[in-house]
Amino acid sequence: MARRHNHNVSALPADLRNVLPSHVIVFDGECVLCSGFFRFMLRHDRQSRFHFVLAQSKLGTRLYRALDLPTDEFETNLVLVDGVIYQKLDAFAHAMRALGWPWRALSALRFLPGALKDPAYMAVARNRYSLFGRYQACMIPDAAVRARFLPGGWG
């Protein structure tokens, strides 16, 4: 049976649910591709709606565990938009939708059939370090960027 990829925030334990604002991106800080997604969002989220969490952080690991996702390999970014946590290609699509035009056009990716988008996404995710590279350490953001991270979501 296929795993559900979208979760309502209300399914999370109360202590996690209470620290999450309406727009959050959880990403693998060691993955060059994932960190590129983070930098793209930081640059194009002109309304500063999104907050960020490193998957390797205490908060990130707790979120992955609460969603029954592995915490040794962070093969999906998590994107929270208006009470729903998205994974895989749906996470990217909903993040693009929240940015507005012209990026919103990429949100159409969410309508691809799961039988097509999930295997394609996982092929890239499982090989992301060999395809795009891996940082030996997470980046060190300046104070303005660090302010966009949730408490416990950095380092």
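Relevant structure appears above.
Fair warning: this is a prediction, and the values are worked out from it, not measured in the lab.

Draft legend 1. Representation of the packing of helix α2 (residues 32-44) against helix α4 (residues 88-99). Following both chains from N to C, one finds α2 and α4 inclined at 15°, their axes separated by 11 Å at the closest point. For the element pair α2 / α4, the angle class is roughly parallel. Crossing handedness for the pair α2 and α4: left-handed. Of α4, the residues touching α2 (which contributes Phe 37, Phe 40, Met 41 and His 44) are Phe 92, Ala 95, Met 96 and Leu 99. By residue class, the composition of the contact of α2 with α4 is seven nonpolar, one polar and no charged.

Draft legend 2. Up close: the environment of Phe 37. Turning to its location among the elements, Phe 37 is positioned in helix α2. Residues Phe 37 and Ile 25 lie twelve residues apart in sequence; the distance between their C-alpha atoms is 9.6 Å. Residues contacting Phe 37, with those up to four places away along its chain left out, are Ile 25, Asn 77, Val 79, Phe 92, Ala 95 and Met 96.

Cut-off values and rules
Residues numbered from 1 in each chain as written. Predicted model: local features only at pLDDT ≥ 70, side-chain atom pairs only at ≥ 80, totals over all residues. Heavy atoms only, no water. Axes fitted to C-alpha atoms, helices over the stretch in contact; angles between N-to-C directions. Helix = DSSP H or I, 4+ residues; strand = E, 2+ residues; numbered from the N terminus. Parallel < 35°, antiparallel > 145°, perpendicular 65-115°, else oblique. Left-handed = near helix turned anticlockwise from the far one by under 90°. Contact = heavy atoms within 4.5 Å. Nonpolar A, V, L, I, M, F, W, Y, C, P; charged D, E, K, R; others polar.

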